[in-house]
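What follows is the residue order along each chain.
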Amino acid sequence: MNAESAYLFRHALLRDAAYQLQLPGDRARLHGLAFAAIENVFGGRPPEPGLSTDGSLKEFRPYAGDAFARELAGHAGAAARDDLGSAQRLYLRRAAEHAERQNRHEEAVELWKDGATFERGKRRADSLYRAGCAAATRGDLQGAEALLHSARSIFCRAQDRLGDAWVSVKRSDVSRDAGRLRQAELRIRRAVALLHRLGSRLREGGALNQWGTLLMRMGRIESAERTYAKSLALFRRLRHPHEGITLGNLSILYRQTGRVQQAERSMEQALSLHRKAGDRRFEGITLGNRGILFAETGRAAEAERSYGEALIALREIGNRKAEGDVLSNLARLFADTARPAEAERTYEQALAMLRELNDRRAEGLTLGNLGSLFFETGRGEAAERAFEQALALLREVGDRRGEGVALGNLAELYQGTGRLELAERTYEQALALQRDVRNRRGEAIALANLASLYQETRRLEPAERLYHEALAAGRSVGDRRFESFVLGKTAGLLRETQRPQEAERLYAEALLLDRQLGDRSLEGGHLCGRALCLVSLGGLSEAAEGWSAGAALLRSLGENKEMDRQVAAMRAACAGAGVAELEAGGP
């Protein structure tokens, strides 16, 4: 063995002690040598990244030595050589970029701030802007606001209106995420007007896209759609791949307002553009949104595949925020397909990730879904806590659509725990909100839940009317699972009001959907419900067959509470028909 190759420091203290024995000039020379050696290993000095706030929109190009950029910046600074001053600034910037790409946003904030101390004028403002962006991503909205304010002040003093406009776009995002929606709109409106006057069409398109998203959050759907259309027109005129980003957002708007075919068409166009551009980030986000569309239209297997593809893409690039969103939606799919243990594990995984990133809105939505799982599995107190936390978070960030969903969840819990007056008031609040933001799917759910409450309190005529309204709204958004659910609820009301023939027909219609969708939980309940109708109609042989199959399905899924309810109903139906009680079989 060569003696020199084994001459290594085995302890950091020994290394530091040896370092301190060197004279300052010798230390500087050692740093200069280390800098040159490391830079040489990676093939020399990389190119200077473009500024984020200038007109070039120059993409950051990764470099083999980016993982060592912070170390290179340190050596360049400690070498105390005038000719390495620019190298120190370069590597601090590249180190900050690298930290962001690795989702080390706290480290990125500090690196951008360190880099800003070596810069002047617009370059300093740009570094402060990037520090503000990183602070916002890690959830430090107060810190982000201060950094962005400093950046904008420098741009204003330099009379750099483009920099001022682009910082204003990000400040609007910060206001939105903090729940200050009116302030957010004032900022984005000003930025769009300024970018338009400057003729910066590409940046104007991006700002319009973000304005559309803000308007969606505020529930102003028509304005959001018009704003997205303007963004799309600009990107198409420029033949820019960011067209895919706006198409993806527009597809969400279409989905939420019941235009399922338009939503799916826009989503596929967006996905094609992202793949053509090699943009794995937006490909992953779009695949996740496609999973939601598939889930809401009863295509559970396709939804699960799309979520899986999304997770692969997002993990590949380290986008933890979007990964958390996809995990939350995947957990909901597990819950809807009778896999509660998988659902709970996945919700907890998503929540841990979203809390780490301080994504308050996504945390609120996920808590609401987890609360529903708690409620469905008999944990009422845990469900109520989760719903209340979700409602507080969604109100805090100004998400009116999410607030409507959370209110509906709370109302359902109040109904299930006997607080019927409170449940009715809360359902009405939820329904008003969902109508206000034009969330047709949310409106359908609120209508069905309110109908269920009316049915429970013996207001059967308005209950039937609301079920029909809910069915029409659910069909308008293509939600086939919800359609089956409401058909079953309506059939139950018809049976209750002595119309077994009409009820049997609706149960048969629901069962056809259940089998197409592979929804064993709904199928089990609807088989039992149809059997109750057949007992009243005298079809005992067919009733016994359906009853046995439905009971077996419900028991195999562990839905004992629903089975107990069905057994009590069958006992009453058989007594009313004057026949022996049908046996459900099983344990």
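Residues numbered from 1 in each chain as written. Predicted model: local features only at pLDDT ≥ 70, side-chain atom pairs only at ≥ 80, totals over all residues. Heavy atoms only, no water.

Participant: How should I be thinking about the overall build of the chain in this particular structure?
Facilitator: Scanning the chain from terminus to terminus reveals 28 helices and zero strands. Along the longest, intermediate and shortest principal axes, the C-alpha atoms of the chain span 105 × 65 × 40 Å. Here the chain holds 587 residues, and the buried ones make up 52% of them. For the chain, the accessible surface area stands at approximately 27,500 Å², while carbon and sulfur atoms represent 50% of it. Side-chain charges of the chain comprise 89 positive and 81 negative groups, with the mean position of each set lying 6 Å from the other. (Helix = DSSP H or I, 4+ residues; strand = E, 2+ residues; numbered from the N terminus. Buried < 20%, exposed > 50% of the residue type's maximum accessible area, 1.4 Å probe, protein only. Areas by Shrake-Rupley, 256 points an atom, 1.4 Å probe, with all protein chains shown as cover. Lys, Arg positive; Asp, Glu negative; His and termini not counted. Charge placed at Lys NZ, Arg CZ, Asp CG, Glu CD.)

Participant: In this structure, what is going on with the packing of helix α10 (residues 201-217) against helix α11 (residues 221-238)? I would like to understand it.
Facilitator: Axis angle and axis distance: for two packed helices, these are the angle between their axes and the distance between the axes, and together they describe the pair. Contact pair α10 / α11: the axes reach a minimum separation of 8 Å and the direction vectors enclose 160 degrees. By the angle class used here, α10 and α11 are roughly antiparallel. In the crossing of α10 with α11, the sense of the turn from one axis to the other is left-handed. Residues Arg 201, Leu 202, Glu 204, Gly 205, Gly 206, Leu 208, Asn 209, Trp 211, Gly 212, Thr 213, Leu 215 and Met 216 of α10 pack against Ile 221, Ser 223, Ala 224, Thr 227, Tyr 228, Lys 230, Ser 231, Leu 234, Phe 235 and Leu 238 of α11. For the contact of α10 with α11, a count of residues per class yields 11 nonpolar, eight polar and three charged. (Axes fitted to C-alpha atoms, helices over the stretch in contact; angles between N-to-C directions. Parallel < 35°, antiparallel > 145°, perpendicular 65-115°, else oblique. Left-handed = near helix turned anticlockwise from the far one by under 90°. Contact = heavy atoms within 4.5 Å. Nonpolar A, V, L, I, M, F, W, Y, C, P; charged D, E, K, R; others polar.)

Participant: Sorry, what's going on with empty space enclosed by the protein here?
Facilitator: Unfilled space is identified by rolling a water-sized probe across the atoms. Under the defined criterion, the tally for this structure stands at two cavities of 30 Å³ or more. Roughly 40 Å³ of internal volume is contained in the largest cavity. Met 216, Ile 221, Gln 256, Arg 401, Val 437, Arg 438 and Asn 439 are the residues that line the largest cavity. Computed from the structure, the second largest cavity encloses a volume of approximately 30 Å³. When residues of the lining of the second largest cavity are traced back to their parent elements, those giving at least two are α4 (85-101) and α5 (105-117). The element that contributes the greatest number of residues to the lining of the second largest cavity is α5, accounting for four residues. Here the residues of the lining of the second largest cavity are counted per class, giving four nonpolar, two polar and three charged. (1 Å grid on protein atoms, 1.4 Å probe; cavity = no way out; pocket = protein on both sides within 12 Å on 5 of 7 lines; lining within 4 Å. Points joined across faces, edges and corners; volume = space filled by probe spheres on them.)

Participant: Can you help me understand helix α26 (residues 520-537) in this one?
Facilitator: Count 3.6 residues to each turn of an α-helix, and residues three or four apart come out pointing the same way. Taking 1.5 Å as the rise per residue, α26 with 18 residues should run 26 Å; its terminal C-alpha atoms sit 25 Å apart, in good agreement. Just downstream of α26, Gly 538 is the residue with a positive phi angle, here 90 degrees. (Expected span 1.5 Å × (residues − 1).)

Participant: In this structure, what is going on with the pattern of salt bridges? I would like to understand it.
Facilitator: Any two side chains of opposite charge can pair, so long as their charged atoms come close to each other. With the rule as written, the count across this model stands at 58 salt bridges. In this structure, the salt-bridge partner of Asp 164 is Arg 152, at a minimum N-O distance of 2.7 Å. Taken as a pair, Asp 164 in helix α8 (residues 161-177) and Arg 152 in helix α7 (residues 141-157) lie far apart in primary sequence, 12 residues in all. According to the relative accessible area criterion, Asp 164 is buried, its value standing at 5%. Close ionic contact of Arg 275 with Glu 309 constitutes a salt bridge, the shortest N to O distance being 3.8 Å. Of this pair, Arg 275 sits in helix α13 (residues 260-277) while Glu 309 sits in helix α15 (residues 300-317), placing them 34 residues apart in sequence. Residue class for Glu 309 comes out partly exposed when judged on its relative accessible area of 35%. Each of Glu 268, Arg 275, Arg 280, Glu 283, Arg 290, Glu 309 and Glu 316 takes part in one network of salt bridges that share partners. (Salt bridge = Lys/Arg side-chain N within 4 Å of Asp/Glu carboxyl O.)

Participant: Help me out: how do you make sense of the packing of helix α9 (residues 181-198) against α10 in this one?
Facilitator: Interhelical geometry of α9 versus α10 gives an angle of 160 degrees and a closest axis separation of 9 Å. Regarding the angle of α9 to α10, the classification is roughly antiparallel. In terms of crossing hand, the pair formed by α9 and α10 is left-handed. Taking contact as the criterion, the partners of Leu 181, Ala 184, Glu 185, Ile 188, Arg 189, Val 192, Leu 195 and His 196 in α9 are, on α10, Arg 201, Arg 203, Glu 204, Ala 207, Leu 208, Trp 211, Leu 214, Leu 215 and Arg 217. Taken together, the residues of the contact of α9 with α10 sort by class into 10 nonpolar, one polar and six charged.

Participant: What exactly am I supposed to notice about the environment of Ala 575 here?
Facilitator: By secondary structure assignment, the location of Ala 575 is in helix α28 (residues 560-577). Each C-alpha atom of the pair Ala 575 and Leu 273 lies 63 Å from the other, and the pair is 302 residues apart in sequence.

Participant: Help me out: how do you make sense of the side chain of Glu 119 in this one?
Facilitator: The residue Glu 119 is located in the loop between α5 and α6 (121-137) in this model. Residue classification places Glu 119 among the buried positions, given a relative accessible area of 6%. Ignoring sequence-local partners within four residues, the contact set of Glu 119 consists of Arg 89, Arg 124 and Ser 127.

Participant: Hey, could you run me through the packing of aromatic side chains in this one?
Facilitator: Two numbers describe a pair of aromatic rings. These are the distance of the centres and the angle of the planes. Under the criterion given, the structure shown has four aromatic pairs. Aromatic side chains Phe 35 and Tyr 91 sit 5.9 Å apart centroid to centroid with 75 degrees between the ring planes, which places their arrangement in the edge-to-face category. Here Phe 35 is found in helix α2 (residues 24-41), whereas its partner Tyr 91 is found in helix α4, with 56 residues between them in sequence. Between the aromatic rings of Phe 42 and Tyr 63, the centroid separation amounts to 6.5 Å while the plane-to-plane angle is 65 degrees, which identifies the pairing as edge-to-face. With a gap of 21 residues between them, Phe 42 in the loop between α2 and α3 (69-78) and Tyr 63 in the loop between α2 and α3 connect regions that are remote in the sequence. You can call Phe 42 partly exposed: its relative accessible area is 23%. (Phe/Tyr/Trp six-rings, centres within 6.5 Å; stacked < 30°, edge-to-face > 60°.)

Participant: Help me understand the nonpolar core, please; the structure alone is not making it clear to me.
Facilitator: Side chains of a nonpolar character, in soluble globular proteins, are inclined to be buried together. By size, the foremost hydrophobic cluster in this structure holds 73 residues, and its most contacted members are Tyr 307, Leu 450 and Val 486. Not counting residues up to four positions away in its chain, the partners in contact with Leu 450 are Glu 424, Tyr 427, Glu 428, Leu 431 and Leu 466. In terms of nonpolar packing, the next biggest core, distinct from the first, is built from 70 residues, Ala 99, Phe 155, Trp 211 and Leu 293 among them. (Core = buried A, V, L, I, M, F, W, Y, C linked by side-chain atoms within 4.5 Å.)

Participant: Even after reading the chapter, I still don't get the environment of Leu 90, so can you show me in this structure?
Facilitator: Assignment of secondary structure puts Leu 90 in helix α4. For Leu 90, a relative accessible area of 3% corresponds to the buried category. If sequence neighbours within four positions are ignored, Leu 90 has contacts with Arg 45, Pro 46, Pro 47, Glu 48 and Pro 49.

Participant: What should I look at first to understand the confidence of the model for the chain in this one?
Facilitator: Detailed reading of the predicted coordinates is not advisable wherever pLDDT falls low. On average, the chain scores 88 in pLDDT, and the residues at 70 or more come to 95%. Ignoring residues within four places in sequence, the model shows residues 1-6, a span with pLDDT below 50, making one contact including any to other chains. (pLDDT = per-residue confidence, 0-100.)

Participant: I'm lost on the side chain of Gln 566 in this one. Help?
Facilitator: With respect to the element layout, Gln 566 can be found in helix α28. A polar side-chain atom of Gln 566 sits 3.5 Å from the main-chain carbonyl oxygen of Gly 525. Beyond its immediate sequence surroundings of up to four residues, Gln 566 is in contact with Gly 525, Cys 528, Gly 529, Leu 532, Trp 547 and Leu 554. (Polar contact = N/O pair within 3.5 Å; in protein donor to acceptor, adjacent residues only side chain to side chain.)

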